[in-house]
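This is what each chain is made of:
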2 protein chains.
Amino acid sequence: MKRSLSQAVLLALALTLTAASASAQTAAPAKPRGMQDILDASRPADWRALDPNNTLYLELERGRVVIELAPQFAPAHVANIRALASNGYWNGLSINRSQDNYVVQWGDANAEDASKRKPFGAGFKPKLPAEVSRKSAGLSMTVLPDPDGWAPQAGFAAGFPAARDSATGSSWLAHCYGTVGAGRDMAIDSSNGAELYVVIGQSPRHLDLNITTVGRVVKGMELLSSLPRGTGALGFYETAAERAPIKAIRLAAKVPKAERSDLEVLRTDTPLFAELVESRRNRQDDFYKRPAGYINICNVPLPVRDRAAKKK
Amino acid sequence: MKRSLSQAVLLALALTLTAASASAQTAAPAKPRGMQDILDASRPADWRALDPNNTLYLELERGRVVIELAPQFAPAHVANIRALASNGYWNGLSINRSQDNYVVQWGDANAEDASKRKPFGAGFKPKLPAEVSRKSAGLSMTVLPDPDGWAPQAGFAAGFPAARDSATGSSWLAHCYGTVGAGRDMAIDSSNGAELYVVIGQSPRHLDLNITTVGRVVKGMELLSSLPRGTGALGFYETAAERAPIKAIRLAAKVPKAERSDLEVLRTDTPLFAELVESRRNRQDDFYKRPAGYINICNVPLPVRDRAAKKK
C-alpha cells in the first residue's frame, strides 16, 4: 500500500538510521525490531535446511515450485507421493484446476477413465488411511496465544501452521495459503496422494480435519497463484489446452545436487521466531498507526532463504 | 477438492433427489439446505441491485472488474473516485503492482514525478481526511456470533464485510479478499483515492483502521488475482512493459445502460443470508465429515448474479 517504491526504500533507510542512532543512546528505550531487522539478526541456528527426502520440486514451464512434505502428519500419503515422484508419475500430466480464492489442483486429467489413466507404478499403495490428523503426543507445537476460532489451539509444528485439540488429543496441519492437500472423493479415506491441491486464497480452514494435508509450498507460490482461473465448475479448465503442463515432479533427494534449490526455512520454535510473530502482531514501523494486537497463524510469514544466493 | 467434476455433478443431482424425496415424507427431519439450494429458494427481496452511482467498472484487456464503492464508510474518498472516473483519470494508466498473497495496485506510475504525472482534473480534492473508520451510529450491522480475533465484533454492513468496536463507537470495512483500499504515504490522511489496491491473498486485517477502505470487488476478481506477480520490491513491476494497461475506469452511472453489468448482490441483512452463513459454518453436504462450527467474515461468500443472464 506504499504509494511508491522509492518512498518505501527511503523509509527502510530512515528506519535503519533510526535504529542505529537509538542503539547509540543507551538511555533511549529500545524500539521493537521489525521483521527485516529480526531476520538480519538471526543466527544459523534459527534456520533449518529443507530435508531433500521431504522436499518436492514441481517443475512448470514458468519455473520451480518447492514443496515441503509433512511426514509427521501424513506418513502414508508422503510415502505414496515419494513413490509417485520416483516413478515419474506426474511428469507430462498437468494442473487441471484453478479456482479463484480457493485452490489449484493437479493430477491425471484422465483419472476417471480406466482405459486412459496413467499407471501409478511401483511402491504405490492404492488404498491409504485418512490422515486428516495425528496424535498430539510426540509432536512439539509452538502455540500462539491468539485465539483461533477454528480450533482450540493453533500455532506451528515442525515448521508448519497447525492446530490441535486437547479434548481429542489430536493435531493437524491448518489450511493456510500454500498448504498442500490430497484430493479425495466422498469417502474421507479415498485420497491416495496422486491428486494434490494447493490453497491460493483465503484460508479454507473448514477443510481442516476433512481432508489429508501433506505439506506446504515454501517457494514459487506465485507460479501457481497467478495461473489463469478455470472457467468450468469448481475452476476446472474446460479444455486440455488450458491446463498447465507439469514438466516433472521430483523428490529433491533424487535430483543431482547441482540442480537442487538450496533452501533454508526459519525455525518456528525459537525466541527469534516468537519475536518475529510479535513484530507482525503489533507492527511498529511508521506506516502503521494502530497495532492490531492479534495475529492469525495463516498471516504469519514463514521466511525462506536461498543458501546458494547467500554464498555468492 | 472433488476428485472429478462428473462426480460433483452426480452428487448435486443425488442431493436434489434426496431433498425431493425428503420433502415428500412429512415425518423425516429436514436436512439443512446447502448454499445452492438456499440461493435457488431466494426471493427477489433477498437481492439488491448495485447502485450505478456506487459502481465502478475497471476495464482491462482481459475483461471487466466490477467494484462496489462504499460511500457509507469513505464518502470523501468515494467522491474523489467518482471525480477521477468522470475525468477519465485512470484511462491509459496501469496496474503497477502485484504482490503475491497480498495486493494488486493501480494508479499513475509517474505519480512521484511532478513533471510527468497525470493531472487529476476537475472536482478532485487533493487533501482528504483519513476515513479508516466511521461512527457506528446510523449503520446497521449483521453481527456474526463467531469470535473475530481482529475486532470485538464482525459481520456485514451495507453488504460489506465489516467490524466494529463498541468501546470506540466506530465501524470499519474489513480487509478481506477483494476489499478495495486507497494507497497512501506515511501519514494516515495522505490517501486521495487516485491509487487503489485490491486484496488478492489471505485477509490482511492488520491493515484495518490503518488505511482507508473504499469498497469491494463484486465481479472479476480472477482478472486481478491471476496477474503475473511483480518481481520488484513489494511486488511492483520492474518495467513498464510488465504493467497491465487500464483501458478505462468508469462509474456505471456514466456508462450507457446497454453496456452496464446488470448485477444483483445478495443482501446480508435477511434470514436467508443468515441461513447461508450457517450452511457455510457447518457444511452438511456429504463431502464434509466434520462441520467446522465456526466461520470468519472473510470466508463468507457474497453471491452475485447477473440479471441480464437470468432473463435470457
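Residues numbered from 1 in each chain as written. Chains lettered and ligands numbered in written order. Predicted model: local features only at pLDDT ≥ 70, side-chain atom pairs only at ≥ 80, totals over all residues. Heavy atoms only, no water.

Taking an unreviewed UniProt entry as the reference, chain A is identified by name as peptidylprolyl isomerase belonging to Lysobacter capsici AZ78.

1. Let's talk about the overall build of chain A
Looking only at helices and strands, one finds six helices and 16 strands in chain A. Within chain A, the proportion of its 312 residues that are buried is 53%. Excluding contacts between residues fewer than 6 apart, the proportion of contacts in chain A whose partners are at least 24 apart in sequence is 71%. (Helix = DSSP H or I, 4+ residues; strand = E, 2+ residues; numbered from the N terminus. Buried < 20%, exposed > 50% of the residue type's maximum accessible area, 1.4 Å probe, protein only. Contact = heavy atoms within 4.5 Å.)

2. Regarding the pairing of strand β5 (residues 103-107) of chain A
Residue and element names in this part refer to chain A. The buried count for β5 comes to five of five residues, which makes it a mostly enclosed element. On β5, burial covers both faces: Val103, Gln105 and Gly107 on one face and Val104 and Trp106 on the other are all buried. The pairing of β5 with strand β12 (residues 196-199) spans four bridges and is classified as antiparallel. The partner of Val103 across the bridge, within β12, is Val199. (Pairing = 2+ DSSP bridges.)

3. Quick look at the interface of chain A and chain B
Taken together, the contact pairs 61 residues of chain A with 61 residues of chain B. A buried area of about 5,600 Å², summed over both sides, lies between chain A and chain B, and 56% of it is on carbon and sulfur atoms. Where chain A meets chain B, there are zero salt bridges. Our count for the contact surface shared by chain A and chain B stands at 20 residue pairs in polar contact (both at pLDDT 80 or more). Counting residues per element, the ones that place at least two in the side of chain A that touches chain B are α1 (5-24), β5 and α4 (221-225) of chain A. A total of five residues in the side of chain A that touches chain B trace back to one element, the largest contributor, which is α1 of chain A. Looking at side-chain class alone, the side of chain A that touches chain B contains 28 nonpolar, 18 polar and 15 charged residues. (Buried area = accessible area lost by both parts, 1.4 Å probe. Salt bridge = Lys/Arg side-chain N within 4 Å of Asp/Glu carboxyl O. Polar contact = N/O pair within 3.5 Å; in protein donor to acceptor, adjacent residues only side chain to side chain. Nonpolar A, V, L, I, M, F, W, Y, C, P; charged D, E, K, R; others polar.)

4. Some remarks on the packing of aromatic side chains
All names here are of chain B. Evaluation of the coordinates by the stated rule reveals 12 aromatic pairs over all chains. Ring geometry for Tyr89 and Trp90: centres 5.8 Å apart, planes at 70°, overall edge-to-face. Exposure class is identical for Tyr89 and Trp90. Each is buried. Pairing Tyr89 with Phe120 gives two aromatic rings, centres 5.3 Å apart and planes at 40°, and the pair type is tilted. Of the two residues, Tyr89 is situated in the loop between α3 (75-86) and β4 (94-98) and Phe120 in the loop between β5 (103-107) and β6 (134-135); the sequence distance between them amounts to 31 residues. (Phe/Tyr/Trp six-rings, centres within 6.5 Å; stacked < 30°, edge-to-face > 60°.)

5. Comments concerning the pattern of salt bridges
Applying the stated rule across the entire model yields 36 salt bridges over all chains. Here Asp146 of chain A and Arg281 of chain A are joined by a salt bridge, their closest N and O atoms 2.8 Å apart. Of this pair, Asp146 of chain A sits in the loop between β7 (141-143) and β8 (153-157) while Arg281 of chain A is found in helix α5 (residues 271-281), placing the two residues 135 residues apart along the sequence. With a relative accessible area of 9%, Asp146 of chain A lands in the buried category. Classification of Arg281 of chain A as buried rests on a relative accessible area of 11%. Linking Arg267 of chain B and Asp269 of chain B is a salt bridge whose minimum nitrogen-to-oxygen distance equals 2.8 Å. Asp269 of chain B gets classed as partly exposed once you look at its relative accessible area, which sits at 47%.

6. Comments concerning α3 of chain B
Residues and elements named next belong to chain B. Helix length check: α3 (12 residues) gives 16 Å between terminal C-alpha atoms against 16 Å at 1.5 Å per residue, within 8%. Along its buried surface, α3 packs onto β2 (55-60), β3 (63-69), β11 (179-182), β12 (196-199), β13 (213-219) and β14 (244-251). Looking one or two residues past α3, Gly88 carries a phi angle of roughly 70°, positive in sign. (Expected span 1.5 Å × (residues − 1).)

7. Focus on the sheet that holds strand β8 (residues 153-157) of chain B
Residues and elements named next belong to chain B. Spatially, five strands are ordered β6-β10-β9-β8-β7 in an open sheet, and the strand pairing comes out antiparallel. Unpaired on one side and paired on the other, β6 and β7 (141-143) mark the two borders of the sheet. Of the strand pairs in this sheet, β7 and β8 are connected by three bridges, and their pairing is antiparallel. The partner of Val143 across the bridge, within β8, is Gly155.

8. So, the sheet that holds strand β15 (residues 263-266) of chain A
All names here are of chain A. The strand order across the open sheet formed by three strands is β1-β15-β16, and the pairing between neighbours is antiparallel. Looking at which strands have only one partner, the edges of the open sheet turn out to be β1 (47-49) and β16 (304-306). For this sheet, the mean angle separating the axes of adjacent strands, direction not counted, is 30°. Note that β15 and β16 share three bridges and pair antiparallel. Bridge assignment links Val265 to a residue of β16, and that residue is Val304. (Axes fitted to C-alpha atoms, helices over the stretch in contact; angles between N-to-C directions.)

9. Observations concerning the relation of the copies chain A and chain B
One copy of the chain maps onto the second through a rotation about an axis and a displacement along it. In the superposition of chain A on chain B (RMSD 0.0 Å, axial shift 0.0 Å), the rotation amounts to 180°. With respect to symmetry, the two chain copies, as superposed, fit the operation of a two-fold axis. A high fraction, 98%, of the interface residues of chain A reappear at the interface in chain B, so the copies pair face to face through one surface. (Least-squares fit on C-alpha atoms with pLDDT ≥ 70 in both.)

10. Some words on unusual backbone geometry
Even without a glycine there, the phi angle at Leu234 of chain A is positive, about 60°. Note on placement: Leu234 of chain A falls in the loop between α4 and β14 (244-251). The backbone phi angle of Leu209 of chain B is positive, close to 70°, even though this residue is not glycine. Along the chain, Leu209 of chain B falls in the loop between β12 and β13. You can call Leu209 of chain B buried: its relative accessible area is 12%.

11. Structural notes on the state of the cysteines
Residue and element names in this part refer to chain A. Per the stated rule, a full pass over the model turns up two disulfides over all chains. Note that Cys176 is cross-linked by a disulfide to Cys298, the S-S spacing being 2.0 Å. Looking along the S-S bond of the Cys176-Cys298 disulfide, the torsion reads about -75°, which is the left-handed sense. In this pair, Cys176 is assigned in the loop between β10 (170-173) and β11 (179-182) and Cys298 in the loop between α5 and β16, connecting sequence segments 122 residues apart. Residue classification places Cys298 among the buried positions, given a relative accessible area of 8%. (Disulfide = S-S within 2.5 Å.)

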